[in-house]
Amino acid sequence: MGSSDYFDQEKLMQTTTQWESRLLDLAGHIHPHPQAKPFFSYWAGDASLQIAYRHAEQVTAKHSKSFHLASGLLPEEKRSAVRALYAFCRTVDDIVDEIDYKKDRDFELNYWREIVKTASPPTGDLVALAWADTLTRYHIPHHYALQLIDGVARDLNESRYQTFDELATYCYGVASTVGLMSMYIVGFKSTEAIPYAIKLGVALQMTNILRDVGEDYRNGRLYFPSEELEQFGISENDIAQGKVTENWREFMRFQINRTRHLYKDSKPGIDLLEREGQLAIRAASVFYEGILDVIEKNDYDVFTRRASLSKWGKIAKIPTLLWAR
């Protein structure tokens, strides 16, 4: 059966409208702080904050080469701030993935909830110091950070999703919230940018899900909507065995097609950001979308091969991005 038998564009757009409305409700109608511009020089003379921001940069460089390279296209102050945001997100994510006991995970997650609510970190926690400073200086709505913590915590209790609407809500919690917080750092001209940031977040997280199917399944998680797996005749046993069948290829084509539509639909929102931040966000989007191309080149084998762009493959895309500004 060909992909055209499965892929109904009109139905896809209707589904997108349904889940997008739900995610817009979650985002709320947030407006920029009336004082607008952060005081960039606040931390420049503070030695402890300098150390904290350098640590956040090291965390970013270690764990996400794509984010590190893309954020390097921002001015210094904003570059430091988005890396503090990344370090916060990474630290919270590691709590769920690396801490063994539920009571310890709950304690750690609540610790970060308090950091967000009070913006008063202990002096010895470098990630918390940099993040609390960024959170305050850029007037980032606290509820986005709390939604991210709650989104990451869902992995403790939920490992399967029935519909794409359910999965999109998960993607909002762990990824769209990051885009919405990033907006306050890079700057935005209008709150009309919000739905575009949401879609880009879903696209980025879907790319992660597509790339990490095998690893996630070994960790007990299967994010793909069960109704879509069933539609394409794919069982969990097929995924457990890492079978790259024609049904799997058709399923992956469908998923990649939908994700590419999300990237395309999110692009107009980049023009609604402050100009000095547009290149970095555009780069992050293009770097991640390129992973979809690699998955295709690998014949949709995401079980034994990890799809990624090389450093030079990313750098080669930057001149084209400059012309797109």
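Residues numbered from 1 in each chain as written. Predicted model: local features only at pLDDT ≥ 70, side-chain atom pairs only at ≥ 80, totals over all residues. Heavy atoms only, no water.

*Asks:* I'd like a rundown of the overall build of the chain, residues and numbers included.
*Replies:* Check the secondary structure of the chain and you find 17 helices and 2 strands. Considering only residue pairs separated by 6 or more positions, the chain has 75% of its internal contacts joining residues 24 or more positions apart. For the chain, the accessible area works out to roughly 15200 Å², and carbon and sulfur atoms hold 51% of it. (Helix = DSSP H or I, 4+ residues; strand = E, 2+ residues; numbered from the N terminus. Contact = heavy atoms within 4.5 Å. Areas by Shrake-Rupley, 256 points an atom, 1.4 Å probe, with all protein chains shown as cover.)

*Asks:* So, the packing of aromatic side chains: which residues are in play, and what are the values?
*Replies:* Each aromatic ring pair is described using two quantities: the centre-to-centre distance and the angle formed by the ring planes. For the structure shown, the criterion picks out 15 aromatic pairs. Measuring from ring centre to ring centre gives 5.7 Å for Phe 88 and Trp 112, while their planes differ by 55°; the resulting arrangement is tilted. Remark: Trp 112 occurs in helix H6 (residues 102–118) and Phe 88 occurs in helix H5 (residues 76–98); sequence separation between them is 24 residues. Note on accessibility: Phe 88 and Trp 112 belong to one class, buried. Where Tyr 161 meets Tyr 223, the ring centres are 6.2 Å apart and the plane angle is 20°; that geometry is what we call stacked. (Phe/Tyr/Trp six-rings, centres within 6.5 Å; stacked < 30°, edge-to-face > 60°. Buried < 20%, exposed > 50% of the residue type's maximum accessible area, 1.4 Å probe, protein only.)

*Asks:* Mind laying out the side chain of Asp 133, listing which residues take part and the relevant values?
*Replies:* Along the chain, Asp 133 falls in helix H7 (residues 126–137). A distance of 2.6 Å separates a polar atom in the side chain of Asp 133 from a polar atom in the side chain of Tyr 53. At 2.8 Å, the side chain of Asp 133 forms a polar contact with the side chain of Arg 137. (Polar contact = N/O pair within 3.5 Å; in protein donor to acceptor, adjacent residues only side chain to side chain.)

*Asks:* Tell me about a negative patch on the surface, and please be specific about residues and values.
*Replies:* A grouping of Asp 165, Glu 166, Glu 227 and Glu 230 is seen on the molecular surface, where their side chains present a negatively charged patch. Broken down by secondary-structure element, the contributors of at least two residues to the negative patch are helix H9 (164–186) and helix H12 (226–231). Inspection of the secondary structure assignment puts Asp 165 in helix H9. (Patch = residues over 30% accessible without salt bridge, like charges linked within 9 Å, V, L, I, M, F, W, Y side chains within 5 Å. Salt bridge = Lys/Arg side-chain N within 4 Å of Asp/Glu carboxyl O. Lys, Arg positive; Asp, Glu negative; His and termini not counted. Charge placed at Lys NZ, Arg CZ, Asp CG, Glu CD.)

*Asks:* Outline the environment of Gln 241, listing residues and values.
*Replies:* Mapped onto the elements, Gln 241 comes out in the loop between helix H13 (236–240) and helix H14 (246–266). It is 9.3 Å that separates the C-alpha atoms of Gln 241 and Gly 214, two residues lying 27 residues apart in sequence.

*Asks:* Describe the pairing of strand E2 (residues 222–225), naming the residues involved and giving the relevant values.
*Replies:* Because side chains alternate across E2, one face comprises the buried residues Leu 222 and Phe 224, and the other comprises Tyr 223 and Pro 225, equally buried. Where strand E1 (residues 160–161) lies against E2, 2 bridges are found, and the strand directions are parallel. Of the residues in E2, the one forming a bridge with Arg 160 is Leu 222. (Pairing = 2+ DSSP bridges.)

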